[in-house]
Number of protein chains: 2
Amino acid sequence: MDERPVKGDSQEDDLVLSLRRLEISDNAKGFVDLLSQLSSATTPLTDADFRARFAELAALGDNHFVVVAEDRRSGRIVATGSVFLERKFLRGGGKVGHIEDVVVDSAFRGRHLGQRVVGFLRDYAKASGCYKVILNNTTDLRSFYEKCGFTEKNIQMACYF
Amino acid sequence: MDERPVKGDSQEDDLVLSLRRLEISDNAKGFVDLLSQLSSATTPLTDADFRARFAELAALGDNHFVVVAEDRRSGRIVATGSVFLERKFLRGGGKVGHIEDVVVDSAFRGRHLGQRVVGFLRDYAKASGCYKVILNNTTDLRSFYEKCGFTEKNIQMACYF
């Protein structure tokens, strides 16, 4: 049986949240706008570009999963994150989950939505047979990710083109 | 024209090196044995498991590239590294290269093979349209990766299952 998490619902005073996989209709619900809160370098995606990228990622099947939290009252996407599964030759052919692009709408921070998104992606990676899940973050987010079950391990280095 | 690097040859006193993409016959040339120098937790892969993983990665096409350095005199793989391309919704649908599993045979260290492998993968990511390439490493490798053109950026955190 496939035990990967696919959705989860919850209700708070002013939010009726549905955590589920990204759908092609989600750009109209503010998905790309939400990502712009993550990086000032984000340039707008046209809807055609969004659909093309969506199709590319869908072709990767369960190896790439974008989770969104939709507020079902407003119909807006209020949080998101993604994980992709790397298949290695190491560790007897092990898999590693890479979490990327976690963001919560600034109007809804401080309500543990980030922990729910990260927890969802962590559980997805575990249920997919990964031996670990990793991510990169700034030091000011260390304690947040510790609450999510992560431990500081290495440094991240980058080369920009 | 596709300008991604696919191979490079060089000759030293006792090495005739060919940098090229991993081939399905490379397990017999010591590829998985070489990886065992990277992680003590590496369990042996049977040749059938190697071939199955090779086929899974081949299905990802140019999104996943394993480079190997073969010493053509001995027919052994003496260095390797991999890069996979992550397609984002951020940055106008940008791509990021993730470098993983770089290792040089202990008998051939100190001869800049690591820099050649990392440089090859960095150039591959650039030619593939990535806006950056990233990797995670221990602090004792910081200066090595600085020589390869990388700058320390963030921390890596991990959750083991």
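Located above this text is the structure these notes cover.
Cut-off values and rules
Per chain, the residues get numbers from 1 upward, laid out in the order the sequence is written. Chain letters start at A and ligand numbers start at 1, both assigned in the order the entries are written. Local features in a predicted model are, by the rule used here, given only for residues with pLDDT of at least 70; side-chain atom pairs are given and counted only at 80 or more, and totals for whole chains, interfaces and linings are based on all residues. Side-chain numbers come from the whole structure's heavy atoms, not from hydrogens or water. Under the scheme used here, helices are H or I runs from DSSP no shorter than 4 residues and strands are E runs no shorter than 2 residues, and both carry numbers assigned from the N terminus. With the radius of gyration taken over C-alpha atoms, the globule rule is written as 2.2 Å times the number of residues to the power 0.38. Relative accessibility thresholds used throughout: buried, under 20% of the residue-type maximum; exposed, over 50%; partly exposed, between the two (1.4 Å probe, protein chains only). Contact between two residues is taken to exist if any of their heavy atoms lie within 4.5 Å; hydrogens are not considered. Per-residue and other accessible areas follow the Shrake-Rupley method at a 1.4 Å probe size, with only the shown protein chains counted as cover for residues. Under the counting rule used here, the positive set is Lys and Arg, the negative set is Asp and Glu, and His together with the chain ends is not counted. We put the charge of a Lys on NZ, of an Arg on CZ, of an Asp on CG and of a Glu on CD. Simply put, the buried area is the total loss of 1.4 Å probe accessible area from both parts when two parts are fitted together. What makes a salt bridge here is a side-chain nitrogen of Lys or Arg within 4 Å of a carboxyl oxygen of Asp or Glu, nothing more. Whenever two N or O atoms come within 3.5 Å, that pair is a polar contact, provided that in protein one can donate a hydrogen and the other can accept it, and provided that, for residues adjacent in sequence, both atoms are side-chain atoms. Each residue gets one label: Ala, Val, Leu, Ile, Met, Phe, Trp, Tyr, Cys and Pro are nonpolar, Asp, Glu, Lys and Arg are charged, and the others, such as Gly, are polar. DSSP bridges decide pairing: two strands pair if at least two such bridges lie between them. The copies were overlaid by least squares, fitting only the C-alpha atoms of residues that reach a pLDDT of 70 or more in each copy.

A.B. asks: Mind showing me how you'd approach the overall build of chain A here?
C.D. replies: Per the secondary structure count, chain A includes five helices and seven strands. Each helix and strand of chain A, ordered N terminal to C terminal, gives the series β-β-α-α-β-β-α-β-α-β-α-β. By the compact-globule yardstick of 15 Å for 161 residues, chain A fits well, its C-alpha radius of gyration being 16 Å. Dimensions of chain A, computed from C-alpha atoms along their principal axes, come out at roughly 45 × 40 × 35 Å. The 161 residues of chain A split such that 54% are buried. A sequence separation of at least 24 residues applies to 61% of the contacts in chain A between residues at least 6 apart. Entry remark: accessible area of chain A is about 7,300 Å², with carbon and sulfur atoms responsible for 48%. Averaging the locations of the 23 positively and 23 negatively charged side chains of chain A gives two centres separated by 5 Å.

A.B. asks: Sorry if this is basic, but what is going on with the interface of chain B and chain A here?
C.D. replies: It is common to report an interface's size as the accessible area lost on association of the parts. Across the contact, 60 residues belong to chain B and 59 residues belong to chain A. Interface of chain B and chain A: buried area, both sides summed, is about 5,800 Å²; carbon and sulfur atoms make up 61% of it. In this structure, the salt-bridge partner of Arg87(B) is Glu56(A), at a minimum N-O distance of 3.2 Å. Connecting chain B to chain A are 26 residue pairs in polar contact (both at pLDDT 80 or more). Here the element with the most residues in the side of chain B that touches chain A is strand 7 (residues 151-160) of chain B; it accounts for 10 residues. A per-class count over the side of chain B that touches chain A returns 28 nonpolar, 16 polar and 16 charged. Where strand 7 (residues 151-160) of chain A meets strand 6 (residues 130-137) of chain B, six bridges bridge the pair, whose relative direction is antiparallel. Paired with Ala158(A) across the two strands is Ile134(B), which belongs to strand 6 of chain B.

A.B. asks: Any chance you could explain the side chain of Ser128(A) here in plain terms?
C.D. replies: All names here are of chain A. By the element assignment, Ser128 lies in the loop between helix 4 (113-127) and strand 6 (130-137). Overall, the relative accessible area of 7% leaves Ser128 in the buried class. Ignoring sequence-local partners within four residues, the contact set of Ser128 consists of Arg4, Leu85 and Lys95.

A.B. asks: Where do I start with the environment of Ile99(A) in this structure?
C.D. replies: All names here are of chain A. Within the secondary structure, Ile99 is located in strand 5 (residues 95-104). Once the C-alpha coordinates of Ile99 and Arg122 are considered, the two residues, 23 residues apart in sequence, prove to be 8.1 Å apart. In this view, Ile99 contacts Ser82, Val83, Val118, Leu121, Arg122, Val133, Ile134, Leu135 and Phe150; residues no more than four positions away in its chain are not counted.

A.B. asks: Mind showing me how you'd approach the relation of the copies chain B and chain A here?
C.D. replies: There are two copies of the chain, and a rotation about an axis plus a shift along that axis relates them. Mapping chain B onto chain A calls for a rotation angle of 180° and an axial translation of 0.0 Å; the resulting RMSD is 0.0 Å. Both copies are brought into coincidence by an operation consistent with a two-fold rotation axis. Nearest to the rotation axis, the C-alpha of Ile155(B) is located 2.2 Å from it, this being the minimum over chain B. Taken as a fraction of all interface residues of chain B, those also at the interface in chain A reach 98%, which identifies the copy contact as same-surface.

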